[in-house]
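# Structural description and commentary
Here's the letter readout for the chains.
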Amino acid sequence: MESAASVIVRAGLRIVWPLSLATLLSACVTVAPHTPKLNPAPAKTWFYLLDIEPALPASEVQVEALYVPTKPDCPLRQVGTDVPLEPQGLNYRMTVYLDRFDDPLCGWRFNQLWLGLNRESGYATRFSVVPGGGDQTRWCRLNPEHGVCMLREQDVLDYKVSGTVHRVRLMQQ
């Protein structure tokens with residue numbers, strides 16, 4: 001005859017084991033991430049002109065437009081898209097779509113542009129600008145280990161890092 005204690009332990013195991021298994025299996029299940037729905041016909045645009053002196057080839061410049069949600073139920077905090085560079089003389093022209101996404105869950109709005117320089121460093125020499133901020137100028141020193149961009153040329157010249165200094169102007173058209 002079984003003791004009362006062993007009956008209780010076996011009954012407890014019958015409950016604990018399925019719950020433990022369910023918990024372990026639920027940890028393996030992943031929910032597909034939310035993918036913002038692209039607007040098939042974006043129409044609201046801003047145009048920018050990017051001037052870099054001394055000039056850099058397009059392969060050494062990366063521009064990304066960042067969007068943030070306007071609705072609190074959105075599962076994402078931001079989303080970014082690459083902005084193609086269109087050569088225009090020694091400069092580059094860029095088109096940023098303000099209505100890039102048609103996503104009722106999130107209600108995306110354009111928030112900022114990120115500009116990265118120097119592919120060798122993984123575009124670590126970066127800075128951002130907010131929309132509507134007017135023309136922006138940064139002074140950037142390209143260095144594979146520690147590139148830097150600053151508002152004033154003298155600050156970059158005083159910075160004790162080697163590398164070529166570039167004046168980067170972003171002009172909204």
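This one's a predicted model, so the numbers in the text were calculated from it and none came from an experiment. (Residues numbered from 1 in each chain as written. Predicted model: local features only at pLDDT ≥ 70, side-chain atom pairs only at ≥ 80, totals over all residues. Heavy atoms only, no water.)

## Describing the nonpolar core
Nonpolar side chains in soluble globular proteins generally cluster together in the buried interior. Of all hydrophobic cores here, the largest spans 29 residues; its most connected members are Leu 50, Val 63 and Leu 113. When residues of this core are traced back to their parent elements, those giving at least two are strand S1 (45-53), strand S2 (61-69), strand S5 (91-97), strand S6 (108-117), strand S7 (125-129) and strand S10 (165-172). With 5 residues, S6 is the single largest residue contributor to this core. Leave out the neighbours within four places in its chain, and Val 63 touches Leu 50, Thr 81, Asp 82, Val 83, Leu 85, Met 94, Leu 113, Trp 114 and Leu 115. (Core = buried A, V, L, I, M, F, W, Y, C linked by side-chain atoms within 4.5 Å. Buried < 20%, exposed > 50% of the residue type's maximum accessible area, 1.4 Å probe, protein only. Helix = DSSP H or I, 4+ residues; strand = E, 2+ residues; numbered from the N terminus. Contact = heavy atoms within 4.5 Å.)

## Here's the deal with the pairing of S5
Burial analysis of S5 places 5 of its 7 residues in the buried class, which makes it a mostly covered element. Note that S1 and S5 share 6 bridges and pair antiparallel. Its bridge partner lying in S5, Phe 47 is registered against Thr 95. What sits between strand S4 (residues 86-88) and S5 in their antiparallel hairpin is a turn of 2 residues, with Gly 89 showing a positive phi close to 65 degrees. (Pairing = 2+ DSSP bridges.)

## Overview of the pattern of salt bridges
For the structure shown, the criterion picks out 7 salt bridges. By sharing partners, the salt bridges in this structure join Asp 51, Glu 53, Arg 167 and Arg 169 into a single network. (Salt bridge = Lys/Arg side-chain N within 4 Å of Asp/Glu carboxyl O.)

## Focus on the packing of aromatic side chains
In total, this model carries 4 aromatic pairs according to the counting rule given. Judged by centre distance (5.8 Å) and plane angle (55 degrees), the rings of Tyr 67 and Phe 110 are tilted. Of this pair, Tyr 67 sits in strand S2 while Phe 110 sits in strand S6, placing them 43 residues apart in sequence. Using a relative accessible area of 1% as the deciding quantity, one classes Tyr 67 as buried. When its relative accessible area of 8% is taken as the criterion, Phe 110 is described as buried. Judged by centre distance (6.1 Å) and plane angle (55 degrees), the rings of Phe 101 and Trp 108 are tilted. Take Phe 101 and Trp 108: they sit in the same class, and that class is buried. (Phe/Tyr/Trp six-rings, centres within 6.5 Å; stacked < 30°, edge-to-face > 60°.)

## Things to note about the environment of Arg 93
One can find Arg 93 in strand S5. Sequence separation of Arg 93 and Phe 47 is 46 residues, and the distance between their C-alpha atoms is 7.1 Å. Excluding residues that lie within four positions of it along the chain, Arg 93 makes contacts with Phe 47, Tyr 48, Leu 49, Pro 84, Leu 85, Glu 86, Gln 88 and Gln 173.

## Comments concerning the sheet that holds S5
One open sheet holds the 6 strands; their spatial order is S4-S5-S1-S10-S8-S9, and the pairing between them is antiparallel. Two strands bound the open sheet, and with one partner strand each, they are S4 and strand S9 (148-150). Each adjacent strand pair in this sheet contributes to an overall mean axis angle of 30 degrees, direction not counted. Sheet topology note: the S4/S5 ladder contains 3 bridges and is antiparallel. Note on S5: the bridge partner recorded for Gln 88 is Asn 91. (Axes fitted to C-alpha atoms, helices over the stretch in contact; angles between N-to-C directions.)

## A short note on the confidence of the model for the chain
Mean pLDDT over the chain stands at 85; residues scoring 70 or higher make up 82%. Below a pLDDT of 50 lies the segment residues 5-13, which in the model reaches 3 contacts outside its immediate sequence neighbourhood of four places, other chains included. (pLDDT = per-residue confidence, 0-100.)

## Observations concerning the pairing of strand S8 (residues 136-141)
Within S8, 5 of the 6 residues are buried, which leaves the element mostly enclosed by the surrounding structure. For S8 and S10, the ladder comprises 6 bridges, and the chain directions are antiparallel. Directly across from Thr 137, in S10, lies its bridge partner Arg 169. Both S8 and S9 contribute to a ladder of 3 bridges, which runs antiparallel. Across the sheet, Cys 140 pairs through a bridge with Cys 149, a residue of S9. Between S8 and the antiparallel strand that follows it, S9, lie 6 residues.

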